[in-house]
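Coordinates in review
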Amino acid sequence: MCGRYATARSRQELLEQFAVQLDETGDELRADYNVAPTKQVPAVLTRPPREADEEAAEPLRQLRELRWGLVPSWAKDPAIGNRMINARVETVHEKPSYKRAFAKRRCLLPADGYYEWYVLEEEKDKKRPAKQPFFIHPKDGGLMAMAGLYELWKSPEDEWLWTCTVITTNAPDDLGRIHDRMPMVVEPDRWDAWLDPALTDVEEVRGLLVPAMAGTMEAYPVSKAVNNVRNNGAELMKPLPDGDSSGNHSDTLF
């Protein structure tokens, strides 16, 4: 699964990289090096402007902030989103909670990388084994455009809640040793089609999602400070020095 990630690119960089036509974030986006469920996260999506008639207006590519944890439009309680942070690519098109969004409410969730926790060999026989956090990111330092879905939920007070989920896939062998799942990444040449709300053919949409090739990602152990969601800062993404007592270097794992 993907339960924690980092998104630290500036608002202007996101506007330019994703060719955004409408900025709906309002204020300058803040870097978040420890994104956790229920937090507000930047998302790129395509839909008519807020004030426009959705049936007649031209959809625009927008940058918005959404709450991580998808709340289906039919949900009675938004708390359901707390356990809907991920959607499996194998079944997302058929699950009642996700299939309507998969058809026409798709988004991209920018990330610098994500965190996973690995049980070290010497801990595996313990009842409560200690876990070492790893930061996983593209080797070339590029931005991850994670495949996501978004939904709008209307509260009893007639207020709209915008939420999202991250689509996950099987991790390649070099990452599967840490965790068997990872975020699905959409390649730049498929962004337009993925974000197009007019593209509703399920099989065609599914064809846009291709798991990451082995060897394109880098993983290394980081400080256990990331375990606490209140900790936030670029230091959370830094690799532990060789021989650090709080965890082993990635070379000892792979």
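Residues numbered from 1 in each chain as written. Predicted model: local features only at pLDDT ≥ 70, side-chain atom pairs only at ≥ 80, totals over all residues. Heavy atoms only, no water.

Here's the deal with the overall build of the protein chain
Of regular secondary structure, the protein chain possesses six helices and 13 strands. Computed over C-alpha atoms, the radius of gyration of the protein chain comes to 19 Å, within 12% of the 18 Å expected from 2.2 N^0.38 for 254 residues, which places it in the range of a compact globule. C-alpha extents for the protein chain along the principal axes are approximately 60 × 40 × 35 Å. Residue burial in the protein chain is summarised as follows: out of 254 residues, 49% are buried. At a minimum sequence separation of 6, the contacts of the protein chain that also span at least 24 residues come to 69%. As presented, the protein chain carries roughly 12800 Å² of accessible surface, and 47% of it is formed by carbon and sulfur atoms. (Helix = DSSP H or I, 4+ residues; strand = E, 2+ residues; numbered from the N terminus. Rg over C-alpha atoms; globule rule 2.2 N^0.38 Å. Buried < 20%, exposed > 50% of the residue type's maximum accessible area, 1.4 Å probe, protein only. Contact = heavy atoms within 4.5 Å. Areas by Shrake-Rupley, 256 points an atom, 1.4 Å probe, with all protein chains shown as cover.)

Overview of the pattern of salt bridges
Applying the stated rule across the entire model yields 11 salt bridges. For R88, the salt bridge is made with E90, and the minimal N-O distance between the two is 3.9 Å. Look at E90 and you get partly exposed, because its relative accessible area is 31%. (Salt bridge = Lys/Arg side-chain N within 4 Å of Asp/Glu carboxyl O.)

Section: the sheet that holds strand β8 (residues 113-119)
What the five strands build is an open sheet, ordered β3-β1-β8-β9-β13; its pairing is antiparallel. Only two strands of the sheet have a single neighbouring strand rather than two, namely β3 (32-35) and β13 (217-221). For this sheet, the mean angle separating the axes of adjacent strands, direction not counted, is 25 degrees. Relative to β3, strand β1 (residues 5-7) runs antiparallel, the two sharing two bridges. Directly across from T7, in β3, lies its bridge partner D32. (Pairing = 2+ DSSP bridges. Axes fitted to C-alpha atoms, helices over the stretch in contact; angles between N-to-C directions.)

Focus on the pairing of strand β4 (residues 40-47)
Within β4, seven of the eight residues are buried, which leaves it mostly tucked inside the rest of the structure. When β4 meets strand β5 (residues 60-68), the two strands line up antiparallel, connected through eight bridges. The residue of β5 that forms the bridge with Q40 is R67.

Description of the packing of aromatic side chains
Evaluation of the coordinates by the stated rule reveals seven aromatic pairs. Consider the rings of Y5 and W68, whose centres lie 5.1 Å apart with planes at 70 degrees: the pair is edge-to-face. With a gap of 63 residues between them, Y5 in strand β1 and W68 in strand β5 connect regions that are remote in the sequence. Seen in terms of ring centroids, Y115 and F135 are 5.1 Å apart; in terms of plane orientation they differ by 50 degrees. Their pairing is tilted. Placement of Y115 in strand β8 and of F135 in strand β9 (residues 131-138) is noted, with a sequence separation of 20 residues between them. Since its relative accessible area comes to 3%, F135 is described here as buried. (Phe/Tyr/Trp six-rings, centres within 6.5 Å; stacked < 30°, edge-to-face > 60°.)

Describing the pairing of β5
Burial runs high along β5: seven of the nine residues are buried. Note: strand β2 (residues 22-23) against β5, two bridges, orientation parallel. Residue D23 lies in a different strand from β5, and its bridge partner there is L63.

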